[in-house]
Amino acid sequence: MARSTRSTRTAPRKDGRSRTTVAPPPRATVPESRSRDISRLYPTKNDLAEETRVEVITLLNQRLAECIDLQTQCKQAHWNVKGPAFIGLHKLFDDVNEDVEGYVDLIAERIVQLGGIAEGTVGAVEGRSTLPDYPLALSSGAEHVAALSDVLGAFGRAARIGIEEMNELKDAGSADLLTEVSRGVDKWLWFVEAHQQGS
Ligand SMILES: [Fe+2]
């Protein structure tokens, strides 16, 4: 087993006892040119024109950011919902999360298949997602149903815009992928917003 080379030190606490902290690992393992060059295209025998692939990758990275954002919001709802419908909604929100995680993977891997870099870090997502931000203080089932249906609806709209863009770029594979994703999100929107209906 490899031994950790990270050093530890002891920091004083207000209560007089001491606490062990771990020093951050040394940086500069990634060359600066590599950390900046996110527009780089990897060679591939995929016959879609390079200009097309560049545009598709940029647009799919936008949808990827929104899909990752959606996934974090599903978990936020899953963890924090309370009230008489707790168990049903807690499980439903996790089922939505599981499928959305699959959509994230589909979009990210399509980007890589086309020679691009899937930009899925928190920093990339934060600066790019156009979805509404999930309110942190929600608790009741009705509040979480309203918030999650808002964001599922917003993502469905973004996915449909993406399908149009892929059709214009004549990338049938990416259009089909986003069609699959939008169909799934539409289904989950139905499951969630059905809780607001029928009364
Ligand atoms: Fe859980």
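The structure under discussion appears in the preceding block.
This structure is a prediction, so every number in the text was calculated from the model and none was measured.

Participant: So what exactly am I meant to see when it comes to the nonpolar core here?
Facilitator: One recurring pattern in soluble globular proteins: nonpolar side chains tend to sit buried together. Formed by 44 residues in total, the largest nonpolar core has its most connected members in L70, F93 and L148. For this core, the secondary structure elements donating two or more residues are α2 (50–80), α3 (86–113), α5 (141–168) and α6 (172–193). Among residues more than four places away in sequence, those in contact with L148 are Q73, C74, A77, F93, Y134 and V192.

Participant: Quick question: what am I supposed to make of the layout of surface pockets here?
Facilitator: Any space left empty among the atoms is revealed by the rolling of a water-sized probe across them. In this model, the largest pocket occupies a volume close to 310 Å³. Lining the largest pocket are 13 residues, with D69, T72, Q73, V125 and D133 sitting closest to its centre. It is α2 that contributes the most residues to the lining of the largest pocket, five residues altogether. When grouped by side-chain class, the residues that make up the lining of the largest pocket number six nonpolar, four polar and three charged.

Participant: Looking at this structure, I do not really get the packing of aromatic side chains. What am I missing?
Facilitator: The relative placement of two aromatic rings is captured by the distance of their centres and the angle of their planes. Taken as a whole and assessed by the stated rule, the structure comprises two aromatic pairs. Their ring planes at 65 degrees and their centres at 4.9 Å tell us that W188 and F191 sit as a pair that is edge-to-face. Of this pair, W188 and F191 both sit in helix α6, separated by three residues, roughly a single helical turn. By relative accessible area, W188 is classed as buried at 6%. The interplanar angle of 90 degrees and the centroid separation of 5.2 Å between the aromatic rings of W190 and F191 together place this pair among those described as edge-to-face.

Participant: For this particular structure, what's the right way to read the packing of α5 against α6?
Facilitator: Relative placement of two packed helices is described by the angle separating their axes and the distance separating the axes. Running from amino to carboxyl end, α5 crosses α6 at an angle of 160 degrees, the nearest separation of the two axes being 9 Å. Classified by the angle between their axes, α5 and α6 sit roughly antiparallel to one another. When you trace α5 past α6, the crossing you get is left-handed. Broken down by class, the residue content of the contact of α5 with α6 amounts to 14 nonpolar, eight polar and three charged.

Participant: Just to check I follow, could you spell out the environment of T121 for this structure?
Facilitator: Structurally, T121 can be placed in the loop between α3 and α4 (122–128). Linking T121 and I68, residues 53 residues apart in sequence, is a C-alpha distance of 9.1 Å.

Participant: Is there a simple way to think about the packing of α3 against α5 in this case?
Facilitator: Look at α3 against α5: their axes get within 12 Å of each other, and the N-to-C directions meet at 15 degrees. Put simply, α3 runs roughly parallel to α5. Our pair here, α3 against α5, has a crossing hand that is left-handed. Counted together, L89, F93 and V96 of α3 and G141, H144, V145, L148 and L152 of α5 form the full contact between these two elements. Each residue belonging to the contact of α3 with α5 can be placed in one class, and the counts come to six nonpolar, two polar and no charged.

Reading the values: the criteria
Residues numbered from 1 in each chain as written. Predicted model: local features only at pLDDT ≥ 70, side-chain atom pairs only at ≥ 80, totals over all residues. Heavy atoms only, no water. Core = buried A, V, L, I, M, F, W, Y, C linked by side-chain atoms within 4.5 Å. Buried < 20%, exposed > 50% of the residue type's maximum accessible area, 1.4 Å probe, protein only. Helix = DSSP H or I, 4+ residues; strand = E, 2+ residues; numbered from the N terminus. Contact = heavy atoms within 4.5 Å. 1 Å grid on protein atoms, 1.4 Å probe; cavity = no way out; pocket = protein on both sides within 12 Å on 5 of 7 lines; lining within 4 Å. Points joined across faces, edges and corners; volume = space filled by probe spheres on them. Nonpolar A, V, L, I, M, F, W, Y, C, P; charged D, E, K, R; others polar. Phe/Tyr/Trp six-rings, centres within 6.5 Å; stacked < 30°, edge-to-face > 60°. Axes fitted to C-alpha atoms, helices over the stretch in contact; angles between N-to-C directions. Parallel < 35°, antiparallel > 145°, perpendicular 65-115°, else oblique. Left-handed = near helix turned anticlockwise from the far one by under 90°.

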